[in-house]
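Topology and contacts: notes
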Amino acid sequence: MNGKTFQSGYPLCWFSPLDAFTLGQAFENVHIFGGNGSGKTTGSGQLLAMSFLRAGFGGLILTAKPDECALWIRRAEAANRTKDLIVFSPGERWRFNFLAYEQKRPQKGGGLTENIVKLFTTVLEAGDRGDSGGGKQERYWK
């Protein structure tokens, strides 16, 4: 991480003057619970994300929220990590044509029309669950 050696007890951030969140804890598990609008992203999520970026962590961020990519770009800028970003999106240099991949996939079942249709149907159903204004009324939760 950034060419430095860290021990598992190294504090990545502090929740209070007595409560450190350590490197070792970061590799064990992290869950942030709370209701919609409770500050998970802007509170503890922001603190942990910036701590990880500043410590040189890498990672993969997967999201369906429309504004999440811009949020992570701002975080990378704030942590001086923009050179490390690879944005994977239809409008960017890096993208993935899942239908072409399935059509040409060499493993068993690759290229079968039935599998391609099933994949496409699954993606369409996931798209139908998209953002409809947030909160408990999102079609996703139904």
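Residues numbered from 1 in each chain as written. Predicted model: local features only at pLDDT ≥ 70, side-chain atom pairs only at ≥ 80, totals over all residues. Heavy atoms only, no water.

**Focus: the confidence of the model for the protein chain**
Of the residues in the protein chain, 87% reach a pLDDT of 70 or more, and the chain-wide mean stands at 85. Ranking the helices and strands of the protein chain by mean pLDDT puts helix α3 (residues 68-78) first, with 95, and helix α5 (residues 113-128) last, with 84. (pLDDT = per-residue confidence, 0-100. Helix = DSSP H or I, 4+ residues; strand = E, 2+ residues; numbered from the N terminus.)

**Examining the packing of aromatic side chains**
One pass over the structure, following the stated rule, counts 5 aromatic pairs. Relative to Tyr-101, the ring of Phe-96 lies with its centre 5.5 Å away and its plane at 50°, an arrangement referred to as tilted. For Phe-96, a relative accessible area of 49% corresponds to the partly exposed category. Put simply, the rings of Phe-15, Phe-21, Phe-27, Phe-52 and Phe-57 pair up and form one aromatic cluster. Cation over ring: Arg-75 sits above Trp-72, and NZ or CZ is 4.6 Å from the ring centre. (Phe/Tyr/Trp six-rings, centres within 6.5 Å; stacked < 30°, edge-to-face > 60°. Buried < 20%, exposed > 50% of the residue type's maximum accessible area, 1.4 Å probe, protein only. Lys NZ or Arg CZ within 6 Å of the ring centre and 35° of its normal.)

**A closer look at the pattern of salt bridges**
One pass over the structure, following the stated rule, counts 3 salt bridges. The closest approach of N and O atoms between Asp-84 and Arg-81, which form a salt bridge, is 2.5 Å. Close ionic contact of Lys-83 with Asp-84 constitutes a salt bridge, the shortest N to O distance being 3.8 Å. Owing to a relative accessible area of 68%, Lys-83 belongs among the exposed residues under this scheme. (Salt bridge = Lys/Arg side-chain N within 4 Å of Asp/Glu carboxyl O.)

**Description of unusual backbone geometry**
Its identity as a non-glycine residue notwithstanding, Asn-80 has a phi of 55°, on the positive side. Checked against the element boundaries, Asn-80 lands in the loop between α3 and α4 (98-104). On the accessibility criterion, Asn-80 (62% relative accessible area) is exposed.

**Some details on the pairing of strand β2 (residues 19-22)**
Taken together, the 4 bridges between strand β1 (residues 11-16) and β2 define a ladder with antiparallel strand orientation. Looking across to β2, one finds that Ser-16 is bridged to Asp-19. Adjacent in sequence and paired antiparallel, β1 and β2 are bridged by 2 residues. (Pairing = 2+ DSSP bridges.)

**So, the side chain of Ser-51**
With respect to the helices and strands, Ser-51 occurs in helix α2 (residues 44-54). Given a relative accessible area of 9%, Ser-51 falls into the buried group. From its side chain, Ser-51 meets the backbone oxygen of Leu-12 in a polar contact 3.4 Å long. (Polar contact = N/O pair within 3.5 Å; in protein donor to acceptor, adjacent residues only side chain to side chain.)

**Considerations on the packing of α2 against α3**
As a packed pair, α2 and α3 sit with axes 9 Å apart at the nearest point and diverge in direction by 50°. The orientation of α2 with respect to α3, classified from their angle, is oblique. In this structure, the crossing between α2 and α3 has a hand that is right-handed. Judged by residue contacts, Gly-45, Gln-46, Ala-49, Met-50 and Leu-53 of α2 engage Leu-71, Trp-72, Arg-75, Ala-76 and Ala-78 from α3. (Axes fitted to C-alpha atoms, helices over the stretch in contact; angles between N-to-C directions. Parallel < 35°, antiparallel > 145°, perpendicular 65-115°, else oblique. Left-handed = near helix turned anticlockwise from the far one by under 90°. Contact = heavy atoms within 4.5 Å.)

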